[in-house]
Amino acid sequence: MRTPTLETNVSLRSYNTFGIDAHARLFARFASAEELRALLQLPDVQQAEKLILGGGSNLLFTKDFEGVVLKNEIRGLEITEEDTASGTALVRAGAGESWHGLVQFALDQDLSGIENLSLIPGTVGAAPLQNIGAYGAELQDTFEYLEAMEISTGAVRTFDRAACGFGYRESVFKGPLKNQFIVTSVVFRLLREARLNVSYGAIATTLQDMGIDTDPTPRQVSEAIISIRRSKLPDPAEIGNAGSFFKNPELSQHKYDELKVAYPDLPGYPVPGGVKVPAAWLIEHSGWKGHRRGDYGVHDRQALVLVNHGAARGADIQALAYEIIASVRAKFGVELHPEVNIM
Ligand SMILES: Cc1cc2nc3c(=O)[nH]c(=O)nc-3n(C[C@H](O)[C@H](O)[C@H](O)COP(=O)(O)OP(=O)(O)OC[C@H]3O[C@@H](n4cnc5c(N)ncnc54)[C@H](O)[C@@H]3O)c2cc1C
């Protein structure tokens, strides 16, 4: 085990995909549960506010972080169990592995179930926090259990799917257990016989454009999704952003019907208890798409994404987000909520 060291006054610019130049008063990396436990026992760490950092792809720093940033670098990808009766295998991933690396590992092992989540940035350990989702799939569909260390005791606890309380971009770790546990590994149950979902969005037409008309493989579905995402979403390596800044709001059927009279083009997707509406549509129809103020603004092709064109301050992006929320509320009477963690 390495002896964990604490660095001081570390720039976080290269550790968040928005590219915001905030500083952490204290900063340390851990590559195993033992290293993490040792760090948590240091008096400086015990007394400080803690931020667990994965890939920094769902964070907006609005000021320097006066506590300790703990960067998760726990690696490891392995098949731990093969269940021939159900045609599934359990795959365990260290929480510091890249999410897309896990998707590629699964495809290399002829396992399917997470191909629709290809190219989502960030780490495996952060993925359960907001039950990442895209193209008709969510993490919870293949999730088996995770291990997490309790910050106050250093004890490792196992959480199965029920204990995680997954919802739309939600889990118990963003709610009642917020800031209490650090995810150290996640186990997924993946399929030997692929059951592909190509019905969502442009997957089927993209596969056709790729010359694949029938029976795509999981890897081909993954490639189609990578191609769609690259054409739609700004690459954080080129323009700072954290993907969708807002969640898609869920309205009651009554509220949706009311809006639909005034705005017949308003899209909506039935969900239990109501209708989910694309926040991008509401933001675009409030006039924000492509809006730019100096170094920050709203992306010109995807209204859900706020961007840093260069040296934006996180506080300015936050203020813009709240202006957008207020204008959508004033125009549609709908409340938007940030998906990004604002620090
Ligand atoms: C271009 C782009 C596209 C995106 N597309 C999608 C998408 O399609 N679907 C989607 O769901 N998300 C998407 N996101 C958001 C983001 O990729 C996910 O939320 C991802 O899971 C964040 O992982 P991370 O490691 O970067 O987390 P970070 O940003 O480092 O952290 C996010 C939160 O999780 C906490 N955290 C991180 N690791 C741990 C841990 N091990 N234990 C406990 N807490 C932890 C942090 O403290 C923080 O509160 C996108 C982001 C970008 C930039």
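In the nomenclature of an unreviewed UniProt entry, the protein is known as UDP-N-acetylenolpyruvoylglucosamine reductase of Hymenobacter profundi. Under the heading Catalytic activity (unreviewed entry), UniProt records this for the protein: "UDP-N-acetyl-alpha-D-muramate + NADP(+) = UDP-N-acetyl-3-O-(1-carboxyvinyl)-alpha-D-glucosamine + NADPH + H(+)". On record in UniProt, under Sequence similarities (unreviewed entry), the comment for the protein is "Belongs to the MurB family."

Let us look at the overall build of the protein. Helices and strands together make up the secondary structure of the protein, namely nine helices and 20 strands. By the compact-globule yardstick of 20 Å for 343 residues, the protein fits well, its C-alpha radius of gyration being 21 Å. Over its C-alpha atoms, taken along the principal directions, the protein stretches across nearly 60 × 55 × 35 Å. Evaluated residue by residue, the protein yields a buried proportion of 48% over its 343 residues.

Here we take up the sheet that holds strand β16 (residues 274–276). With antiparallel pairing, three strands are arranged side by side in an open sheet as β14-β16-β15. Among the strands making up the open sheet, the edge pair consists of β14 (250–251) and β15 (269–271). Relative to β16, β15 is paired through three bridges, and the arrangement is antiparallel. Looking across to β16, one finds that Val271 is bridged to Gly274.

To continue, consider helix α9 (residues 314–332). With 19 residues, α9 should reach 27 Å at 1.5 Å per residue; the first-to-last C-alpha distance of 27 Å fits that figure. Listed in full, the buried residues belonging to α9 are Gly314, Ile317, Leu320, Ala321, Ile324, Ile325, Val328 and Phe332. What you see down the axis of α9 is that its buried residues fit within an arc of 145°, all on one side. Residues of α9 that are buried in the fold lie against β4 (59–60), α7 (253–262), α8 (279–284), β17 (292–293), β18 (296–298) and β19 (306–308). Once α9 ends, the next one or two residues include Gly333, with phi positive near 70°.

Looking now at the UniProt feature "active site" (unreviewed entry) in the protein. Under the UniProt annotation, the feature "active site" (unreviewed entry) is placed at Arg169, Ser244 and Glu339. Spanning 171 residues, the named residues nonetheless gather at one spot, since no C-alpha pair among them exceeds 11.2 Å. Mapped onto the secondary structure, Arg169 falls in the loop between α4 (161–164) and β12 (181–191). On the basis of relative accessibility, which here comes to 12%, the residue Arg169 falls in the buried class. Not counting residues up to four positions away in its chain, the partners in contact with Arg169 are Gln130, Asn131, Ile132, Gly133, Ala134, Glu138, Lys174, Lys247 and Glu339. The contacts of Ser244, once residues within four sequence positions are left out, are Leu304, Val305, Glu339 and Val340.

Now for the side chain of Lys50. Mapped onto the elements, Lys50 comes out in strand β3 (residues 50–53). Of the buried charged residues, Lys50 lacks a salt bridge, with Glu49 as the closest side chain of opposite charge at 9.3 Å. A polar contact of 2.9 Å, which involves the side chain of Lys50, links it to the backbone oxygen of Val45. Side-chain polar atoms of Lys50 contact the backbone oxygen of Gln46, separated by 3.4 Å. With sequence-adjacent residues up to four places away left out, Lys50 is seen in contact with Leu40, Val45, Phe65, Val68, Leu70 and Ile151.

How each quantity is defined
- Every chain is numbered independently, its residues counted from 1 as its sequence is written.
- Under the rules for a predicted model, residues below a pLDDT of 70 receive no local features and side-chain atom pairs below 80 are neither given nor counted, while totals for whole chains, interfaces and linings still include all residues.
- Computation of side-chain values covers all heavy atoms of the structure but excludes hydrogens and water.
- UniProt positions are given in the numbering used here, feature names are shortened, and annotations may be inferred rather than shown by experiment.
- Each helix is a run of DSSP H or I of at least 4 residues and each strand a run of E of at least 2, with the numbering of both proceeding from the N terminus.
- Computation of the radius of gyration draws on C-alpha atoms, with the globule rule given as 2.2 Å multiplied by the number of residues to the power 0.38.
- We call a residue buried when its accessible area falls under 20% of the maximum for its residue type, exposed when it is over 50%, and partly exposed in between, using a 1.4 Å probe and counting protein chains only.
- In this analysis, strands are considered paired if DSSP registers two or more bridges between them.
- Expected span, for any helix, means 1.5 Å times one less than how many residues it has.
- This arc is taken over the directions from the axis of the helix to the C-beta atoms.
- Contacts are assigned to residue pairs with any non-hydrogen atoms lying within 4.5 Å of each other.
- Only four residue types enter the charge count: Lys and Arg as positive, Asp and Glu as negative, with His and the chain ends excluded.
- The working definition used for a salt bridge is a side-chain nitrogen of Lys or Arg within 4 Å of a carboxyl oxygen of Asp or Glu.
- Polar contacts here mean pairs of N or O atoms no more than 3.5 Å apart (in protein, one a potential hydrogen donor and the other a potential acceptor; neighbouring residues in sequence count only if both atoms are side-chain atoms).

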